[in-house]
Amino acid sequence: MFGLLGLAPVQEAVYRAVLDWPYVSVDELVEKLGLTPEEIWAALDDLLELRIMRTSHEQPDRHYAVDPVLALQELLEREQKDLLERYQKVVAGHTTILRMLLAQETRGTSTPRDGAGCVQRLVGMDAVQQRLEMLAQEVRRSVTTFMPGGPQSAAALEAARRNDRIALDRGVVIRTVGLDCVRQDEATLEYARWLTEHGGEFRTAQTLPPRMVLVDRQTALVPIDPRDTRKGALFLTEPGLVASLAAFFEQVWEAATPLGADRLPGATGLSAQEKRLLMVIAQGHTDETAAAKLFVSPRTARRMMASIMERLGARSRFEAGLRAAQNGWL
């Protein structure tokens, strides 16, 4: 379980030993665990830094372990803090990209240069909608989208459903991130569920950057004015800019909550294979090595993990393990 929260096997072994035998000496830990003194001291230093181990005031050379529930909370808060810091860096990166786009547009580089790509202005919502319909016909592999602004209008949802259906029918992978508040809007939530039922993916986040659409990681649409999307959008094909936006999307996607967090996990819990997958991942294995241990393909292992996270409403693998344990699934 603690492996899902970032503890190495040696650290977890030392923590559990001190939890079972408070104030045990390093020499006794060496004997009980079969580790070297150096390994014990290194693990103790890490556990003290993580604040799930304490040094005794009465016996400075001895230690005691924090209660497991408090330890899990401490590790979870640390992980959430790290996620927030990463998200703040992501937002700063997005701001930099938008400034680059505006500067490029100001210089008048809105036409292709030696096949390197272009930045084209689409004025008004009609122009944007027409381009989206064209992209729905042309897309071959993937569409990734930020859907800020909360609940969507009936017209916007109908247009999204129409364009998405065209792409999904051709096997295109569609991933969308909306705001958490859309879980309270039945119309937008119905669209999100429709998308997932037809092979797409939908997640939500507490805050989002301005609207963005990426197609095949080759073209992108971002608003001319993030404060008023009705003014139109910038259509980008500059490889460097599109690659930066794609990396930005992946960072936000990883921190977002899968659709399903608004529903309680089912009573059936996990299958035997899913339990095995969580335990193997907890031991520090990658998708590839975990798949080999379960005798499935890496793609199947990733799909299983995504399904577990979706049912638990977990933002990350360690949170999935924590919620599975809290629900008595492990």
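Analysis parameters
Residues numbered from 1 in each chain as written. Predicted model: local features only at pLDDT ≥ 70, side-chain atom pairs only at ≥ 80, totals over all residues. Heavy atoms only, no water. Pairing = 2+ DSSP bridges. Helix = DSSP H or I, 4+ residues; strand = E, 2+ residues; numbered from the N terminus. Buried < 20%, exposed > 50% of the residue type's maximum accessible area, 1.4 Å probe, protein only. Phe/Tyr/Trp six-rings, centres within 6.5 Å; stacked < 30°, edge-to-face > 60°. Axes fitted to C-alpha atoms, helices over the stretch in contact; angles between N-to-C directions. Parallel < 35°, antiparallel > 145°, perpendicular 65-115°, else oblique. Left-handed = near helix turned anticlockwise from the far one by under 90°. Contact = heavy atoms within 4.5 Å.

Asker: Quick one: what's the story with the sheet that holds strand S10 (residues 257-258), residue by residue and with numbers?
Answerer: Strand order in the open sheet formed by eight strands is S3-S9-S8-S7-S4-S5-S6-S10, and the pairing between neighbours is mixed. One side of each edge strand has no neighbouring strand; the edge strands of this open sheet are strand S3 (119-123) and S10. Sheet topology places strand S7 (residues 212-215) next to strand S8 (residues 219-223); three bridges connect them, and they run antiparallel. Note that in S8 the partner of Val213 across the bridge is Leu221.

Asker: Tell me about the pairing of strand S9 (residues 232-236), and please be specific about residues and values.
Answerer: Across the five residues that make up S9, a large majority, five, are buried. In the sheet, S3 pairs with S9 via five bridges, with the strands oriented antiparallel. If you follow Gln120 over to S9, its bridge partner there is Phe235. Note: S8 against S9, four bridges, orientation antiparallel. Across the sheet, the residue bridging to Val222 is Leu234, located in S9.

Asker: For the packing of aromatic side chains, give the residues involved together with the corresponding values.
Answerer: Using the criterion set out here, one finds five aromatic pairs in the structure. A ring pair is formed by Phe146 and Phe249, whose centres lie 5.3 Å apart and whose planes are at 35 degrees; its orientation type is tilted. Taken together, the residues span a long stretch of sequence, with Phe146 in strand S4 (residues 142-147) and Phe249 in helix H8 (residues 239-255) at a distance of 103 residues. For the pair formed by Phe146 and Phe249, the shared burial category is buried. Here the aromatic rings of Phe249 and Trp253 are separated by 5.8 Å at their centres, their planes lie at 25 degrees, and the arrangement is stacked. A residue pair is termed a helical-turn pair when its members lie 3 or 4 positions apart in one helix, as Phe249 and Trp253 do in helix H8 at four residues. Grouping residues by exposure puts Phe249 and Trp253 together as buried.

Asker: Please set out the packing of helix H11 (residues 298-312) against helix H12 (residues 317-326) residue by residue, giving values where relevant.
Answerer: In contact at an axis separation of 10 Å, H11 and H12 are set at 60 degrees when each is read in the N-to-C sense. Considered as vectors, H11 and H12 are oriented oblique to each other. For the pair H11 and H12, the sense of crossing is left-handed. Residues Met305, Ile308, Met309 and Leu312 of H11 form the contact with H12, whose participating residues are Arg317, Ala320, Arg323 and Ala324.

Scope: geometric values only; no functional claims are made or implied.
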